[in-house]
Amino acid sequence: MTMLLVGALCIGIASVIGGATGFGTALIATPVMLMIGFAVPEVVFVNLVAGLITRIGAAYHLREHINWGRVALLGGGSLPGAWLGAVTLGLLPEQYLKPAAGIVVMLCGVAMALPTRTETARAPSTTAHVLTGSVGGYLGTTTSLNGPPPVLLLMRARLPPMAFIADLAGYFIVANIMALGVLWFHDEITESMFWPRLPVFVTAAVIGNVTGLAIARRLPPGVFRSAVIVLVIAAGATTFLLG
């Protein structure tokens, strides 16, 4: 019961960040849940389900801002990567996946901190979208961290905030559905992952997401973005050291 409550608290806090920025839930939740003692497959499953449910609401509210062509390229590109990641998940021991997840989180935090170019950004190519989706798909089924690759792509493209959040929401819906389907096909999803933990974790994620949206309206974007970067790097470093 203690582990269940701590895990729910972790998902809830991570979802506050995800709700306020459009991404970051899995970045924070994955390393912390691994430190608590949850197994990698369950962490991946919970984050994918929670991300899917919370992003459906965001996509509905921001549907007029979604670029469906971009979402299709990123989401479609995630399928081969997700398939390869599911194979990797079944072959690599968990003691290798945990520190790998920590390294990925740290690198994403550092990449987010790098300044973007001041000149007008050009739209990424079709190839860049598909390759980014593939990398995200691979990270999705191995660590549930399918957000960083498209986040970095869209940040460099300098999309308006609403378009940024909307396109990410659309991507997460497509990519998470594909990742869950691939994991199910490879028998990486077990009945024990559904009950009693999943309903509690999803509820915490929804509450945290709503709270994050409310906070985003009151905090300066720069301050909140800096706090997210610090949390991401710290969480990744801790997971790597304790993995």
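Quick caveat: nothing in here was measured; it's all calculated off a predicted structure.

This paragraph deals with the overall build of the protein. For the protein, the count of helices and strands is 10 helices and 0 strands. Tracing the protein from N to C terminus, the helices and strands come up as α-α-α-α-α-α-α-α-α-α. Against the globule reference of 18 Å for 243 residues, the protein gives a C-alpha radius of gyration of 16 Å, in line with a compact fold. Taking all 243 residues of the protein together, the buried fraction comes to 52%. Within the protein, contacts between residues separated by at least 24 positions form 86% of all contacts whose residues are at least 6 apart in sequence. Accessible area of the protein: about 11400 Å², with a carbon and sulfur share of 71%. Of note, the protein has its 12 positive side-chain charges centred 16 Å away from the centre of its 8 negative side-chain charges.

Take the pattern of salt bridges next. What the rule picks out here adds up to 2 salt bridges. Of the charged contacts in the structure, one is a salt bridge between E42 and R197, with a shortest N-O distance of 2.9 Å. Taken together, the residues span a long stretch of sequence, with E42 in helix α3 (residues 40-61) and R197 in helix α9 (residues 197-216) at a distance of 155 residues. Note that D167 is salt-bridged to R70, the shortest N-O span being 2.5 Å.

Before going further, it helps to examine unusual backbone geometry. Cis peptide bonds are those with omega within 30 degrees of zero, and the linkage from W195 to P196 qualifies with 5 degrees. Summarising the element assignment, P196 is placed in the loop between α8 (161-185) and α9. We note that D187 has phi near 60 degrees; this positive angle belongs to a residue other than glycine. Among the structural elements, D187 can be located in the loop between α8 and α9.

Before going further, it helps to examine the environment of V104. Inspection of the secondary structure assignment puts V104 in helix α5 (residues 94-113). Linking V104 and S15, residues 89 residues apart in sequence, is a C-alpha distance of 19 Å. Those residues in contact with V104, other than ones at most four positions away along the chain, are L139 and L145.

A surface patch of nonpolar side chains, amounting to about 600 Å² of accessible area, comprises W83, V87, L91, W184 and F185. Per-element accounting of the nonpolar patch gives the leading share, 3 residues, to helix α4 (residues 68-91). Note on placement: L91 falls in helix α4.

Along the chain, Q95 turns up in helix α5. Measuring from C-alpha to C-alpha, the distance between Q95 and V40 comes to 9.5 Å, with 55 residues separating the pair along the chain.

With that settled, consider the packing of helix α2 (residues 25-36) against α3. At a minimum axis separation of 10 Å, α2 and α3 run at an interaxial angle of 155 degrees. Compared by their axis directions, α2 and α3 come out roughly antiparallel. The two elements α2 and α3 meet at a crossing, and its hand is right-handed. For the pair formed by α2 and α3, the contact residues are A26, A29, T30, M33 and L34 on the first element and V40, V43 and N47 on the second. Here the residues of the contact of α2 with α3 are counted per class, giving 6 nonpolar, 2 polar and no charged.

Now for the nonpolar core. I11, F23, L27, M33, M112, F164 and F201 are the most contacted members of the largest nonpolar core, which totals 66 residues. Here this core gets 13 residues from one element, more than from any other, and that element is α8. The residues contacting F164, other than those within four sequence positions of it, are T21, F23, V151, L154, M155 and L159.

Within the UniProt annotation, "transmembrane region" (unreviewed entry) is assigned to residues 32-50, 71-90, 96-114, 164-186, 198-216 and 223-242. Annotation note: span residues 32-50, helix share 84%, strand share 0%, distance between end C-alpha atoms 16 Å.

Definitions and limits used
The written sequence of each chain sets the order in which its residues are numbered from 1. Only residues with pLDDT of at least 70 are given local features in this predicted model, and only at 80 or more are side-chain atom pairs given and counted; all residues enter the totals for whole chains, interfaces and linings. Hydrogens and water molecules were not included; the side-chain quantities draw on all heavy atoms of the structure. Each helix is a run of H or I in the DSSP string that is no shorter than four residues. Each strand is a run of E no shorter than two, and both are numbered from the N terminus. Only the C-alpha atoms count toward the radius of gyration. The rule for a globule is 2.2 Å times the residue count to the power 0.38. Only protein chains enter the accessibility calculation, which uses a 1.4 Å probe; a residue is then buried when its area is under 20% of its type maximum, exposed when over 50%, and partly exposed in between. Note on contacts: a residue pair qualifies if any of its non-hydrogen atoms lie within 4.5 Å across the two residues. All accessible-area figures derive from a Shrake-Rupley calculation using a 1.4 Å probe, and residue coverage is judged against the displayed protein chains alone. Just so you know, the count uses Lys and Arg for positive and Asp and Glu for negative, and it drops His and the chain ends. We put the charge of a Lys on NZ, of an Arg on CZ, of an Asp on CG and of a Glu on CD. Any carboxyl oxygen of Asp or Glu that lies within 4 Å of a side-chain nitrogen of Lys or Arg is treated as forming a salt bridge with it. Note on patches: the residues involved have over 30% relative accessible area and no salt bridge, like charges join within 9 Å, and the nonpolar side chains Val, Leu, Ile, Met, Phe, Trp and Tyr join within 5 Å. Fitting a line to C-alpha atoms yields each axis, with helices limited to the stretch in contact; the angle taken between N-to-C directions then spans 0 to 180 degrees. Throughout, the term roughly parallel applies to angles under 35 degrees, roughly antiparallel to angles over 145, roughly perpendicular to angles from 65 to 115, and oblique to all others. What makes a crossing left-handed is the near helix being turned counterclockwise from the far one by less than a right angle; a clockwise turn instead makes it right-handed. Residues were grouped as follows: Ala, Val, Leu, Ile, Met, Phe, Trp, Tyr, Cys and Pro as nonpolar; Asp, Glu, Lys and Arg as charged; and all remaining residues, including Gly, as polar. In these notes, a set of buried Ala, Val, Leu, Ile, Met, Phe, Trp, Tyr and Cys residues joined through side-chain atoms within 4.5 Å is what counts as a nonpolar core. UniProt positions are given in the numbering used here, feature names are shortened, and annotations may be inferred rather than shown by experiment.

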